[in-house]
Amino acid sequence: MSAATHDLLGLFRAFLAGRDDALVDGFAAAIGAAPAERALAPVSLPCLEYLPRAAAIAGGGAKPLAQCLARHAADLRWAQTYSEADFGRDFLDRYGWTELVGTRGHFASDTIAAGFLLLGPHVVYPDHHHIAEEIYVPLTPLAEWRKGDGAFVRRGPGEVIHHPSNVGHAMRTGAEPLLALYLWRGGPLAQKSTLTGASTVREA
Ligand SMILES: [Fe+2]
């Protein structure tokens, strides 16, 4: 048993409970009381250079979770869904996720995926959608989020952002990185998103 991943899962659950949001509670319940742990070999990514800064700027109640993630980042399996052909090298150097719970996660689940997304500064994660229903909760301030045909809106730490199945969404960062937790359910939990927007790395 890994103390690091259990610490992280405990703080992850506590943070979800703190949202006081019925939709979030439904996702959280799907994690189950004691999901089986997998022994996954750690994998690092270039984007992890931005994680200490993300933990430093994490807001309010999100800071213990972000700091725990930063402390244990080297024990986790970080991954990318896209390739250089999709988004280019600059994007890949500033993008990654780690799945805490799920079909590929440090804890096993066939019904939910739960983890963290990290984006470095000056990144646009372009419009995309997927079958699974999704919740994001930013842990850091300042990043901007877009849903459907709406405008980009700044979302703060602890806000619950809900993307129903196949609703397009996009995110972009400015001078600071974005760290957010994600929850997926109700669709293929390892699906590569369908892209509908052009990728860019923004001018610094
Ligand atoms: Fe998504």
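Each remark here, short or long, concerns the structure printed above.
Figured I'd write up the structure that's included with this text. (Residues numbered from 1 in each chain as written. Predicted model: local features only at pLDDT ≥ 70, side-chain atom pairs only at ≥ 80, totals over all residues. Heavy atoms only, no water.)

### A short note on the packing of helix α1 (residues 3–17) against helix α4 (residues 63–72)
For any two helices packed against each other, the geometry is given by the interaxial angle and the distance between the axes.
Stage number 1. Remark: α1 packs on α4, axes separated minimally by 9 Å, with the N-to-C direction vectors making an angle of 160°. As summarised for this structure, α1 and α4 are arranged roughly antiparallel, according to the angle between their axes. The crossing of α1 and α4 is left-handed. Across the interface between the two elements, A4, D7, L8, L11, F12 and F15 of α1 pack against P64, L65, C68, L69 and H72 of α4. (Axes fitted to C-alpha atoms, helices over the stretch in contact; angles between N-to-C directions. Helix = DSSP H or I, 4+ residues; strand = E, 2+ residues; numbered from the N terminus. Parallel < 35°, antiparallel > 145°, perpendicular 65-115°, else oblique. Left-handed = near helix turned anticlockwise from the far one by under 90°. Contact = heavy atoms within 4.5 Å.)

### Description of the coordination of the iron ion
Stage number 1. Protein coordination at the iron ion: the donors are H130 (NE2), E134 (OE), E134 (OE) and H169 (NE2), at 2.1 to 2.4 Å from the metal.
Stage number 2. Metal-centred angles of 55 to 134° between the four donor atoms at the iron ion mark the site as irregular.
Stage number 3. When the donor residues of the iron ion are listed from N- to C-terminus, their spacing reads H-x3-E-x34-H. Remark: H169 occurs in strand β10 (residues 169–172) and E134 occurs in strand β6 (residues 133–138); sequence separation between them is 35 residues.
Stage number 4. Given a relative accessible area of 1%, E134 falls into the buried group. (Donors = N, O, S within 2.8 Å, 3.2 Å for Na, K, Ca; no water. Tetrahedral: all angles 85-135°; square planar, octahedral: opposite > 155°, others 65-115°. Buried < 20%, exposed > 50% of the residue type's maximum accessible area, 1.4 Å probe, protein only.)

### As for the pattern of salt bridges
Stage number 1. With the rule as written, the count across this model stands at nine salt bridges.
Stage number 2. The shortest N-O distance in the salt bridge between R185 and E133 comes to 2.9 Å. Placement of R185 in strand β11 (residues 178–185) and of E133 in strand β6 is noted, with a sequence separation of 52 residues between them.
Stage number 3. A relative accessible area of 23% means that R185 is categorised as partly exposed.
Stage number 4. Assessed through its relative accessible area of 18%, E133 is described here as buried. (Salt bridge = Lys/Arg side-chain N within 4 Å of Asp/Glu carboxyl O.)

### A few points about α4
Stage number 1. When we look at burial in α4, the residues that qualify are L65, A66, C68, L69 and H72. In an axial view of α4, the angular spread of the buried residues amounts to 160°, which keeps them on one side of the axis.
Stage number 2. Residues of α4 that are buried sit in contact with α1, α3 (51–57), β1 (78–79), β2 (95–102), β4 (112–119) and β11. (Arc of directions from axis to C-beta.)

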